[in-house]
Amino acid sequence: MNVRKIVNKLGLAVCVFLLVSPALLFFIWMLSLSLKFEIDNGAYPPILIPERFAWKNFTGVFESNSFLLYFWNSIIVTGSATIFALIVGVPAGYGIARLKAHKSAVVIMIARMTPGLSFLIPLFLLFQWMGLLGTLWPQIIIHLVVTVPIVIWVMIGYFETTPMELEEAAMIDGATRWEIFAKVAMPIAKPGIVVAFILSVIFSWNNFVFGIVLASRETRTLPVAVYNMLSFEQVSWGPLAAAALIVTLPVLILTVAAQRQIVAGLTAGAVKGG
Amino acid sequence: MASVSIKNVRKSYGPLEIIKGVSIDIQDGEFVILVGPSGCGKSTLLRMIAGLEEISNGEIAIGDRVVNEVLPKERDIAMVFQNYALYPHMTIAENMGFSLKLKKADKGEILSKVTRAAEILGLGPLLERFPRQLSGGQRQRVAMGRAIVRDPKVFLFDEPLSNLDAKLRVQMRTEIKEMHQRLKTTTVYVTHDQIEAMTMADKIVVMHDGIIEQMGAPLDLYDKPANMFVAGFIGSPSMNFIKGKIAAEGFAAEAGGILPLGGNVPAASVGRPAVYGVRPEHIQIGDEGVPHEVVVIEPTGSETQMILRPVGQTTPQKGGLTCLLRERISAKPGEIVKIAPNPAMIHLFDHEDGRRL
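Residues numbered from 1 in each chain as written. Chains lettered and ligands numbered in written order. Predicted model: local features only at pLDDT ≥ 70, side-chain atom pairs only at ≥ 80, totals over all residues. Heavy atoms only, no water.

1. A closer look at the pattern of salt bridges
All names here are of chain B. Let me state the cut-off plainly: The term salt bridge refers to a pairing of a side-chain nitrogen on Lys or Arg with a carboxyl oxygen on Asp or Glu at a separation within 4 Å. Remark: exposure states derive from per-residue accessible area (1.4 Å probe, protein chains only) relative to the maximum for the residue type, with buried under 20%, exposed over 50%, and partly exposed in between. The numbering of helices and of strands both runs from the N terminus, where a helix is a DSSP run of H or I of at least 4 residues and a strand a run of E of at least 2.
Applying the stated criterion across every chain yields a total of 14 salt bridges over all chains. As a salt-bridge pair, glutamate 53 and arginine 47 come within 3.2 Å of each other at their nearest N and O atoms. Note on glutamate 53: relative accessible area 17%, which makes it buried. In this structure arginine 47 comes out as buried when scored by relative accessible area, which is 17%. Measuring nitrogen to oxygen at the nearest pair gives 3.3 Å for the salt bridge that ties lysine 113 to glutamate 109. Of the two residues, lysine 113 and glutamate 109 are both situated in helix H3 (residues 107-121); the distance of four residues between them amounts to about one turn of the helix.

This is the structure in structure tokens:
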């Protein structure tokens, strides 16, 4: 019995390792790269842990003025797109859940699934015509395509699980539709709003395609900035990996800290009371 | 306080009619219980009184005012839900005072009304807690407190006790009845539990398939059920029905044997097929009567329930009989006993439409 338990645990551990390793290994390799000097990068056999750590890769990233600018750009774009998505998406999710407007939910889903490139070019022309290129507005607006559907879908799941009786009780207690939403439904869905916020931040922060098309030199967000560190003549892997790590870090911390809520949020509505 | 009048109310969802023309007059201060099996439309009717469901046809009036088109919040009613529907993010005091807060009542008034309701229900020490920190019975009381605080014209209860365990249910039953005796607010109460209905109501409305089968005082329904449905629904354990024919010397059961009729059968109906109804508590075991075989004996201490079947039958369903006795019984399963229904307490029903004869 005991041997069997140990074998079971070992088997599980191996399976978990196999499943997780593709994601984990390249992270570890990126970390290793960011801490190595250029000379160690090309070494054969490869070196995982270098003898001397190249901290200057990290300090170098911050020393370049534009990196802080791009960081700030990312914060503005992601922040605005998320806040606006919450303002629009939470009431929208409530409305769709309560009116059982599943068709409009599907329409929103389609908007989310449409490949970005199919509308990026016309929008690029539109923004050019409006004279918005060179500002952060085009990116903020287009990130809504990502953030609004996420918020709406997470909130639909949450509002569908709040018992109807609570709202009926409030209706009898004398609340108007708006009061029911603001004083009963929304406070109860607070965990859902947190999840929607986190997911929206993650997806918006990581977005690359929109930035590469719409951003100019001054309005780059971080993923685009990192990409621009690749040049044709030479790739300096150390600084690149360090920059990539710094870009990933906020999202990584957010995901690790809130993973429980994120899983709960993504499965909300799947199980009653879940 | 107010009367409630329901006139020929109908409710349909598309072609499906849930309530098929129901009229009830509820007096000021009366405790009326809508009872029936699930799906009979009783909850829908209650929700129509509350304004949570639209009325497809007919008229509902609270006091002198027809409320068909009036919003729930303007009907001056309070409702207690089956799952209590307490706001999870508010304390007990906030839950109870929510309606007053929405009316923009001043804080002192809210506090005094909430405190008074909490005193009535013994919730004083719990006012600062959240619903999740309360037991089922306490939550039930908070839901009632929320209703009391509003001082409404009508209380509506939607199966308020069905989430509680058996012991608590009996206790809360007493509390609700006591509360009604104290406040004398008109009350409409929905339940599927006929014991709740019998013990609490001034008037019971038995519903089935969207119509009213019978309406009246609890004991009237028990003594004179209008049809087999009411006869079987009211009373626990439920009434025994025996198929057979009316004969000159009594009732000739299909399974054999002559059961007493009490002599008030008109001669014209002799030979007519009918259903003989007798409650388990109105059957005596003695030296005289129709022989039955004992199948199961269930003693509870205060009384003994026996399941019997006519001698010669093998399936308990066919002609099976329940019998409830005050005294303790020494009979064993398989033994033969003789049963004698009390002729003053028997009921006769039409064998086709189930109406009382």
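2. As for a nonpolar patch on the surface
Note the threshold: Each patch is built from residues that are more than 30% exposed by relative accessible area and take part in no salt bridge. Like charges join if they lie within 9 Å; nonpolar side chains (Val, Leu, Ile, Met, Phe, Trp, Tyr) join within 5 Å. Each accessible area value is a Shrake-Rupley result obtained with a 1.4 Å probe; residue values ignore everything except the protein chains displayed when judging cover.
A cluster of nonpolar residues, Leu12, Val16, Leu19, Val20, Leu24, Leu25, Ile28, Trp29, Leu48, Ile49, Phe53 and Trp55 of chain A, forms a patch on the protein surface that exposes about 1200 Å² of accessible area. Tracing the chain through its elements places valine 20 of chain A in helix H1 (residues 2-34).

3. Things to note about the packing of aromatic side chains
Where we set the bar: Think of it this way: a Phe, Tyr or Trp ring, Trp meaning its six-membered ring, pairs with another when their centres are within 6.5 Å, and the plane angle makes it stacked under 30 degrees, edge-to-face over 60, tilted otherwise.
Across all of its chains, the model carries 17 aromatic pairs over all chains by this definition. Between tyrosine 94 of chain A and phenylalanine 159 of chain A, the aromatic rings sit 5.1 Å apart at their centres with planes inclined by 75 degrees, giving edge-to-face as the arrangement. Of this pair, tyrosine 94 of chain A sits in helix H4 (residues 65-99) while phenylalanine 159 of chain A sits in helix H7 (residues 137-161), placing them 65 residues apart in sequence. Aromatic pair phenylalanine 31 of chain B and tyrosine 189 of chain B: ring centres 5.8 Å apart, planes at 40 degrees, arrangement tilted. With a gap of 158 residues between them, phenylalanine 31 of chain B in strand S3 (residues 31-35) and tyrosine 189 of chain B in strand S8 (residues 186-191) connect regions that are remote in the sequence.

4. What about unusual backbone geometry?
Residue and element names in this part refer to chain B. Look at the link from serine 236 to proline 237: it is a cis peptide, with omega at -5 degrees. Mapping proline 237 onto the fold places it in the loop between helix H8 (228-233) and strand S11 (240-247). Residues other than glycine seldom take positive phi values, yet glutamate 159 does so here, at roughly 40 degrees. Here glutamate 159 shows up in the loop between strand S7 (154-158) and helix H5 (166-183). Judged by its relative accessible area of 11%, glutamate 159 falls in the buried class. Its identity is not glycine, yet aspartate 209 carries a phi of approximately 55 degrees, on the positive side. Within the secondary structure, aspartate 209 sits in the loop between strand S9 (203-208) and strand S10 (211-216).

5. Comments concerning the sheet that holds S10 of chain B
All names here are of chain B. Worth spelling out the cut-off: Paired strands are those between which DSSP finds at least two bridges. Axis lines are fitted to C-alpha atoms, over the contacting stretch for helices. Their N-to-C directions set the angle, which ranges from 0 to 180 degrees.
Read across the sheet, six strands follow the order S6-S7-S8-S3-S9-S10 without closing on themselves; strand pairing throughout is mixed. At either end of the open sheet lies a strand with only one pairing partner, and these are strand S6 (77-80) and S10. Averaged over all neighbouring strand pairs, the angle between strand axes comes to 15 degrees, with direction disregarded. In this structure, S9 lies alongside S10, joined through five bridges in antiparallel fashion. Paired with histidine 208 across the two strands is isoleucine 211, which belongs to S10.

6. Brief notes about the environment of arginine 141 of chain B
All names here are of chain B. Quick note on the threshold: Any two residues whose heavy atoms approach within 4.5 Å at even a single point are treated as in contact.
Within the element layout of this structure, arginine 141 appears in helix H4 (residues 136-149). It is 49 Å that separates the C-alpha atoms of arginine 141 and leucine 259, two residues lying 118 residues apart in sequence. Here arginine 141 is in contact with Leu121, Leu123, Gln171, Met172 and Glu175, once residues within four sequence places are set aside.

7. A closer look at the sheet that holds strand S20 (residues 347-350) of chain B
Residue and element names in this part refer to chain B. Spatially, five strands are ordered S13-S12-S11-S14-S20 in an open sheet, and the strand pairing comes out antiparallel. Strands with a single pairing partner mark the edges of an open sheet, and in this sheet they are strand S13 (258-259) and S20. As paired strands, strand S14 (residues 273-278) and S20 are joined by four bridges and run antiparallel to one another. The residue of S20 that forms the bridge with tyrosine 276 is leucine 348.

8. Overview of the confidence of the model for chain B
The predicted coordinates should not be examined in detail at positions where pLDDT is low. Note the following rule: The predictor rates its confidence in each residue with pLDDT, a number between 0 and 100.
Chain-level pLDDT for chain B is 89 on average; 97% of the residues reach the 70-or-more range. Scoring the predicted complex yields pTM 0.81 and, for the interface, ipTM 0.81.

9. A word on the environment of valine 107 of chain A
Within the element layout of this structure, valine 107 of chain A appears in helix H5 (residues 102-113). For valine 107 of chain A and proline 149 of chain A, which are 42 residues apart along the polypeptide, the C-alpha to C-alpha distance reads 9.8 Å.

10. Observations regarding the interface of chain B and chain A
Our working definition: When two parts are brought into contact, each loses some accessible area as probed by a 1.4 Å sphere; the total of that loss over both is the buried area. Polar contact is defined as a pair of N or O atoms within 3.5 Å, subject to the rule that within protein one atom must be able to donate a hydrogen and the other to accept it, and that residues adjacent in sequence are counted only when both atoms are side-chain atoms. Side-chain classes follow a simple rule in which Ala, Val, Leu, Ile, Met, Phe, Trp, Tyr, Cys and Pro form the nonpolar group, Asp, Glu, Lys and Arg form the charged group, and the remainder, Gly included, forms the polar group.
Counting from both sides, the interface comprises 21 residues of chain B and, opposite them, 17 residues of chain A. Counting the surface lost from both chain B and chain A, the interface buries some 1700 Å², and carbon and sulfur atoms represent 67% of this. It is Lys73, Tyr87 and Leu102 of chain B that lose the most area in chain B upon contact with chain A, and together they represent 32% of the buried surface on that side. For the pair chain B and chain A, the interface holds one salt bridge. Two residues, arginine 47 of chain B and glutamate 168 of chain A, come together in a salt bridge whose shortest N-O distance is 2.7 Å. Run the count over chain B and chain A and you get five residue pairs in polar contact (both at pLDDT 80 or more). Looking at the side of chain B that touches chain A, the elements with two or more residues in it are helix H1 (42-50), S6 and helix H2 (92-102) of chain B. Its residues assigned to classes, the side of chain B that touches chain A comprises 14 nonpolar, three polar and four charged.

11. Looking at the nonpolar core
A general tendency of soluble globular proteins is for nonpolar side chains to be buried together. Operational definition: Residue types Ala, Val, Leu, Ile, Met, Phe, Trp, Tyr and Cys, when buried and joined through side-chain atoms within 4.5 Å, form a set referred to as a nonpolar core.
With 102 residues, the main nonpolar core has Phe159 of chain A together with Leu45 and Leu156 of chain B as its most contacted residues. Ranked by the residues each element gives to this core, the list is headed by H7 of chain A, at 12 residues. Leaving out residues up to four positions away in the same chain, phenylalanine 159 of chain A has contacts with Val90, Gly93, Tyr94, Ala97, Arg98, Phe181, Ala185, Met186 and Ala189 of chain A. Of all hydrophobic cores here, the second largest spans 44 residues; its members include Leu86, Leu123, Leu134 and Met179 of chain B.

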